Amino acid sequence: MKNWKEKRKKMWIADNGDGTYTNPILYTDYSDPDVIRVGEDYFMTASSFCNSPALPVLHSKDLVNWKVISYALDRIPYKDYETPQHGRGVWAPAIRYHEGTFFIFFPMPDEGIFCVTTKDPFKGWDKPFAVREVTGWIDPCPFWDEDGQAYMVSAFARSRIGYKNILHISPIQPDCKGVLGDGKHIFDGADWGVDTTEGPKMYKRNGYYYIFAPAGGVKTGFQIVLRSKNIYGPYEQKIVLHQGNTEINGPHQGGWVDTPDGQDWFIHFQDVGNAGRIVHLEPMKWVDDWPVIGINENEDGCGEPVITYPKPSCSAKVEIDAPEDSDDFTGETLGLQWQWNANYREDWYALRPDKGEIILYAKEKEIETQLCDVPNLLLQKWPAKEFYITTCLHAESLRDGDIAGMVSLGGVYSALAVGKKIKYKKQKSVIRNYALATENREEKLFIIQRTGEWRKNNEETDILAEVEATTIFLRMKVEKETEVSFSYSLDGDQFIEVGKSVKATPGRWVGVKAGLFAVHEGNEVPGKAAFEGFFYDSINE
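This structure is a prediction, so every number in the text was calculated from the model and none was measured.

Enquirer: Can you explain the overall build of the protein chain? Please cite residues and give values.
Expert: In terms of regular secondary structure, the protein chain is built from two helices and 37 strands. Counting only residues that meet the buried cut, the protein chain has 61% of its 541 residues in that class. The contacts in the protein chain between residues at least 6 apart in sequence include a share of 60% that link residues at least 24 apart. Surface exposure of the protein chain reaches about 21,400 Å², of which carbon and sulfur atoms provide 45%. Considering the protein chain, the positive charge centre built from 61 side chains and the negative charge centre built from 80 side chains are found 4 Å apart.

Shown next as structure tokens:
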């Protein structure tokens with residue numbers, strides 16, 4: 001284990017440093033990725049569901065080494081999202097560049113299809129606007145034809161509209177401010193013997209309109225491509241990428257992108273469960289005006305994913321890197337690896353970059369509200385298969401009824417925290433929210449474990465130990481992408497394993513997240529917790 005303040009390496013590096021890369025390029029839950037090239041720069045976006053800020057935007061020079069540069073949505077534009085709405089919110093987006101402007105189309109299946117734009121994704125995004133307010137429409141992708149006409153291809157969510165497995169094309173205004181007609185269903189997967197066709201991305205090449213789309217389900221499906229000389233069809237259909245003899249199940253939704261010198265590549269995700277929907281990069285080529293993705297294609301031109309492969313061509317000098325994971329909290333703004341469990345408020349936190357700390361203010365929480373449904377959880381995606389995370393909690397400003405610590409958030413969740421309560425000296429106590437009300441009392445800090453399961457209303461709290469110190473190190477251990485356990489230390493060196501190990505499960509279409517929190521469950525004035533660092537380490541070191 002590294003020293004407490006020693007500089008950390010990134011937990012997952014795909015670039016092998018010898019001109020090759022190893023999939024996945026991101027062992028991180030960037031679900032439903034889409035990608036474009038503008039000049040020599042690549043940009044990618046992904047789903048974010050109910051987390052904020054929303055719609056992460058990543059940048060790369062070589063399609064292998066990526067960094068998060070911004071979020072296209074600071075907050076989700078509906079009041080509902082002031083509290084966690086698991087499974088709702090921002091679904092599969094599409095990013096495009098047209099006449100000097102970046103566009104991201106994103107669906108909210110309960111609210112409609114929306115768009116956000118910018119001239120420079122490094123400098124922020126404009127306010128979102130509705131393309132069409134409608135229920136059940138998902139996975140939109142804009143397309144501008146050579147004649148200036150604009151279109152949108154989209155899919156449908158059966159949970160909202162009663163049917164799925166259908167792709168639809170709508171004519172839209174060239175500025176994307178609205179639709180121009182009802183459009184037309186152009187593909188029904190049932191007619192082709194496939195199920196759950198969704199996530200369409202539209203392109204044009206050699207006079208053909210192409211729609212790339214996954215079918216067959218997230219964990220068991222494959223990539224199909226449709227082509228036609230007429231945008232409204234009829235379309236031919238072909239399977240171009242499947243799991244084959246690999247361990248890459250799915251392979252699911254993504255996008256086609258080319259390099260400046262004409263190489264073709266395809267980015268897609270693979271659902272691996274607790275780590276979420278991780279991102280892969282596949283070589284692609286064209287044969288008889290059909291794309292073939294991956295390698296070892298069969299006689300029908302269907303490829304399978306690669307593991308290690310030569311990197312895309314790139315003229316720029318590229319630093320081997322990955323999105324941020326560890327955080328020393330010395331930045332003037334919150335790191336881009338962090339998102340909140342719902343639309344956030346500025347009064348939830350403060351940064352102390354001179355001390356390398358983040359202050360989380362304990363926000364009032366009802367007893368019956370499970371921890372997974374608390375909005376002010378500060379979270380980030382898993383960056384690897386296995387790891388430790390260590391943070392140092394300064395608890396001197398906690399008040400009676402406060403609980404603050406580290407959380408693993410998924411369908412099954414667990415947290416190790418420090419709680420403050422009042423200990424009786426002279427009479428039998430009555431516990432309420434870890435606070436004991438009496439005239440003769442003594443404040444105490446306790447190590448607490450919270451566990452539960454989303455929607456089960458089965459949250460449990462165990463008080464594990466009493467501590468005298470106000471500086472307490474908390475550590476989470478993730479093994480085999482399943483086992484989550486905790487330990488604590490009073491000196492940052494000797495850690496004591498406490499509580500029970502929990503078998504994590506994914507959330508609602510998202511992987512497990514790790515993070516920090518501070519809540520208040522008493523009748524007193526809430527306090528605050530200072531967290532120093534959030535550092536990942538390999539469990540093999």
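Once you've had a look at it, read on.
Enquirer: A description of the sheet that holds strand β6 (residues 94–98) should follow, citing residues and the corresponding values.
Expert: Ordered in space as β6-β7-β8-β9, the four strands form an open sheet in which the pairing is antiparallel. The open sheet has two edge strands, β6 and β9 (129–132), and neither has a second partner. Across this sheet, the average inter-strand angle for adjacent strands is 30°, counted without regard to direction. Relative to strand β7 (residues 101–108), β6 is paired through five bridges, and the arrangement is antiparallel. Its bridge partner lying in β7, Y97 is registered against F102.

Enquirer: Report on the pairing of strand β2 (residues 34–38), specifying residues and quantitative values.
Expert: Side chains on a regular strand alternate between the two faces of the sheet. Among the five residues of β2, four are classified as buried, and the element is accordingly described as predominantly covered. Here β2 pairs with strand β3 (residues 41–45) via five bridges, running antiparallel. Counted as the bridge partner of D34 is T45 from β3. Counted along the chain from β2 to the antiparallel partner β3, the turn is two residues long, and its residue G39 has a positive phi close to 65°.

Enquirer: Quick rundown of the packing of aromatic side chains? Include the residues and the values.
Expert: Scanning all chains against the criterion turns up 30 aromatic pairs. Among the aromatic residues, ring-to-ring pairing joins Y203, Y208, Y210, F212, W256, F266 and W286 into one connected group. Here the guanidinium or amino end of R75 rests over the ring plane of Y344, the centre of that ring lying 3.9 Å away. Over the ring of Y388 we find R475; its NZ or CZ atom is 5.5 Å from the centre of that ring.

Enquirer: Please set out the side chain of N165 residue by residue, giving values where relevant.
Expert: Tracing the backbone through its elements, the reader meets N165 in the loop between α1 (158–161) and β12 (166–172). Judged by relative accessible area, N165 falls into the buried class, the value being 6%. A polar contact of 2.8 Å, which involves the side chain of N165, links it to the side chain of T197. Setting aside its immediate chain neighbours within four residues, N165 contacts F187, D188, G189, A190, V194, D195, T196 and T197.

Enquirer: Tell me what's going on with the sheet that holds strand β24 (residues 349–352), and back it up with residues and numbers.
Expert: Taken in spatial order, the seven strands of this open sheet run β24-β25-β37-β28-β33-β34-β35, and their pairing is antiparallel. Looking along the sheet, the strands with just one partner apiece sit at the ends: β24 and β35 (496–503). Direction aside, the axes of adjacent strands within the sheet are offset by 25° on average. Inspection of the sheet shows strand β28 (residues 387–394) paired to strand β37 (residues 528–537) by six bridges, in the antiparallel sense. Paired with C392 across the strands is E532, a residue of β37.

Enquirer: Any chance you could break down the pattern of salt bridges for me, citing the residues and the numbers?
Expert: Within this structure, the stated rule accounts for 36 salt bridges. For E479, the salt bridge is made with K477, and the minimal N-O distance between the two is 3.6 Å. Look at the salt bridges and you will find they share partners, linking D80, R88, D110, E111 and R160 into a network.

Enquirer: Lay out the pairing of strand β29 (residues 402–409) in plain terms, naming residues and giving numbers.
Expert: In terms of burial, β29 is a largely internal element, eight of the eight residues being buried. Bridge count for β29 against strand β36 (residues 513–520) is eight bridges, and the pairing is antiparallel. Within the sheet, the bridge partner assigned to S408 lies in β36 and is A514.

Enquirer: Account for the confidence of the model for the protein chain, naming residues and giving values.
Expert: Taken over all residues, the pLDDT of the protein chain has a mean of 94, while the share at 70 or more is 95%. The model gives residues 427–438 a pLDDT under 50, and that stretch makes 35 contacts with residues more than four places away or in other chains.

Enquirer: Go over the nonpolar core, please, and point to the residues and values.
Expert: Residues I358, L360, Y488 and F534 are the most contacted members of the largest nonpolar core, which totals 47 residues. The residues touching L360, leaving out its near neighbours within four places in the chain, are W340, W348, Y349, L378, L516, F517, A518, K528, A529 and F531. Counting 26 residues, the second largest nonpolar core, distinct from the first, contains Y151, V153, F187 and A213.

Enquirer: So what about the environment of T451? Which residues, and what values?
Expert: Mapped onto the fold, T451 is located in strand β31 (residues 441–453). Separated by 80 residues in the primary sequence, T451 and L371 place their C-alpha atoms 8.5 Å from one another. Ignoring any residue separated from it by four or fewer positions in sequence, one finds T451 in contact with Y413, S414, N458, E459, E460, K500 and V502.

Enquirer: For unusual backbone geometry, give the residues involved together with the corresponding values.
Expert: Of all residues except glycine, most have a negative phi; of all peptide bonds, most are trans. Of note, the bond from N23 into P24 is cis; its omega dihedral lies within 30 degrees of zero at 0°. Locating P24 in the fold gives a position in the loop between β1 (20–22) and β2. The omega angle of the peptide bond from S52 to P53 is -5°, so this bond is cis rather than trans. Turning to its location among the elements, P53 is positioned in the loop between β3 and β4 (54–60). Unusually for a residue other than glycine, E99 sits at a positive phi of about 50°.

Reading guide: rules and limits
- Residues numbered from 1 in each chain as written.
- Predicted model: local features only at pLDDT ≥ 70, side-chain atom pairs only at ≥ 80, totals over all residues.
- Heavy atoms only, no water.
- Helix = DSSP H or I, 4+ residues; strand = E, 2+ residues; numbered from the N terminus.
- Buried < 20%, exposed > 50% of the residue type's maximum accessible area, 1.4 Å probe, protein only.
- Contact = heavy atoms within 4.5 Å.
- Areas by Shrake-Rupley, 256 points an atom, 1.4 Å probe, with all protein chains shown as cover.
- Lys, Arg positive; Asp, Glu negative; His and termini not counted.
- Charge placed at Lys NZ, Arg CZ, Asp CG, Glu CD.
- Pairing = 2+ DSSP bridges.
- Axes fitted to C-alpha atoms, helices over the stretch in contact; angles between N-to-C directions.
- Phe/Tyr/Trp six-rings, centres within 6.5 Å; stacked < 30°, edge-to-face > 60°.
- Lys NZ or Arg CZ within 6 Å of the ring centre and 35° of its normal.
- Polar contact = N/O pair within 3.5 Å; in protein donor to acceptor, adjacent residues only side chain to side chain.
- Salt bridge = Lys/Arg side-chain N within 4 Å of Asp/Glu carboxyl O.
- pLDDT = per-residue confidence, 0-100.
- Core = buried A, V, L, I, M, F, W, Y, C linked by side-chain atoms within 4.5 Å.

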